[in-house]
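Next come the chains, spelled out residue by residue.
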Amino acid sequence: MRASGLNWQGLMEQLQQALPHGEVSDQSLAYFKYPKRTLSVNLPVRMDDGSVRVFKGYRTVHSAARGPSIGGVRYREGVSAHECEVLAALMTLKAAVCDLPLGGAKGGVDVDPATLSPHELEGLTRRFTSELVELIGANEDILAPDVGTDQQVMAWILDAYGENTGTTHGGVVVGKPLPLGGTYGSKDARGRSAALVTARVLEERGESLRSARVAVYGFGDVGRKAAQTLAAQGALVIAVSDQNGATFASSGLDLAALSAHREQYGSVQGFATDITPDEVVELDVDVLMLAYDFGAINAGNAHAVRARYVVEATNRAVLPEAERFLTGQGVTILPDLVASTGGLIVNYLEWVQDASNFFWTEEEIEAAIDVRVNASVDSVVAFMRARQVDMRTAAYAVALTRLNEAALMRGVYP
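Bear in mind that the values here come from a model prediction, so they are computed numbers and not experimental data.

Observations concerning helix α14 (residues 391-410)
Spanning 20 residues, α14 covers 29 Å between terminal C-alpha atoms, matching the ideal 28 Å at 1.5 Å per step. Counted residue by residue, α14 has 16 buried out of 20 residues, so it is predominantly covered. Where α14 starts, the residue carrying a side-chain oxygen 3.1 Å from the main-chain nitrogen of R392 turns out to be D390. Phi turns positive, to about 75°, at G411, one or two residues after α14.

The structure is reproduced here in structure tokens:
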């Protein structure tokens, strides 16, 4: 389900389109073009059979101009330093769009976690954390879950960090289990924000979600919550996919029953009419929600997209060449810098709670997420209206302007 094509050149091409519309100096642009650092580590792990296997790990800090860096750790086969650098830069932009006092980071290990036992996965996680321990921290670089990692992995990172440093402060990791200083809404925030932004944009255009036909590409935590939230507002979710297949019902899917089916059988296949994930992208719908990984829509399949709105509920789901084609066809792209901000916002809220040792209720967390998502949308939409540009260009320009302010105030070390 994932296409290649996540590259720095594509990001810079889109940034160049935003430069004339923002306030950016050569100095701050130079800061943006070069990550602060990228660390590459070799990770020897003793496997259950007694052998030692060496994995490759990475951690990129892109920027700390606006505050400590924050970003996910992904366990995925084929993860590279370059991928981490691009995703870290996107996190820097996203934090700026949300006006959060944070910079961007990203890390990962080249591994398929499904091939490891729980004991091997824990050993890999603890080794990775030990290699990073001198560079991470609540006020330096904050780690979060991503593709292939979850609350349990974050708990192992927290414990390994504490063992290495002799500290108990939880702010080095977000997306933790609740008993270890995690927060409510952590799993649902990105899907919630994607649905909220979709509703806001349709409302802005005089349309409604009621009876809107929706297809969801990727029915994990993000896609599930996005689908549920859209359905609660009257939308008709007719198709969803996961890594094993896809299911379709023209009259709409019973999402509660579908979730129970996936929990029991490990896939959405077999619930209604089986189709392929590629066919989900090609359905004639109002909204196509992309909630899997980068490159879901690329030059190879953009021509088949028939949705009127394409929502990036995950980073870089629509690659630049595909976006140029789709916008030329009148398709509206809701970019990741706006649509998928809920995950970063809830991580920020968890970090703040850990720092103060004061934790909010689930209702307070949801309200705080909504307030910040709406504020981000408002700033981007206002910029769109004023400059008559698309939403991605507006989001980039807003972010670059805020990063420029921080870079100019800090100056350059002589």
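Some remarks on the pattern of salt bridges
When the charged atoms of two side chains with opposite charge come close together, those side chains can pair. Counting across every chain of the model gives 22 salt bridges. R66 serves as the salt-bridge partner of D99, at 2.8 Å between the closest nitrogen and oxygen. Linking D99 in the loop between α3 (81-97) and β4 (103-109) with R66 in the loop between β2 (52-61) and β3 (69-75), this pair joins segments that are 33 residues apart in sequence. Among the residues examined, D99 registers a relative accessible area of 44% and is labelled partly exposed. A salt bridge links R200 to D378, with the shortest nitrogen-to-oxygen separation between them at 2.5 Å. Separated by 178 residues along the polypeptide, R200 in helix α6 (residues 189-204) and D378 in helix α13 (residues 362-387) bring together distant segments of the chain. Accessibility expressed as a relative area gives 23% for R200, which makes it partly exposed. Owing to a relative accessible area of 42%, D378 belongs among the partly exposed residues under this scheme. By sharing partners, the salt bridges in this structure join R74, R76, E83, K106 and D146 into a single network.

About the thresholds
Residues numbered from 1 in each chain as written. Predicted model: local features only at pLDDT ≥ 70, side-chain atom pairs only at ≥ 80, totals over all residues. Heavy atoms only, no water. Helix = DSSP H or I, 4+ residues; strand = E, 2+ residues; numbered from the N terminus. Expected span 1.5 Å × (residues − 1). Buried < 20%, exposed > 50% of the residue type's maximum accessible area, 1.4 Å probe, protein only. Polar contact = N/O pair within 3.5 Å; in protein donor to acceptor, adjacent residues only side chain to side chain. Salt bridge = Lys/Arg side-chain N within 4 Å of Asp/Glu carboxyl O.

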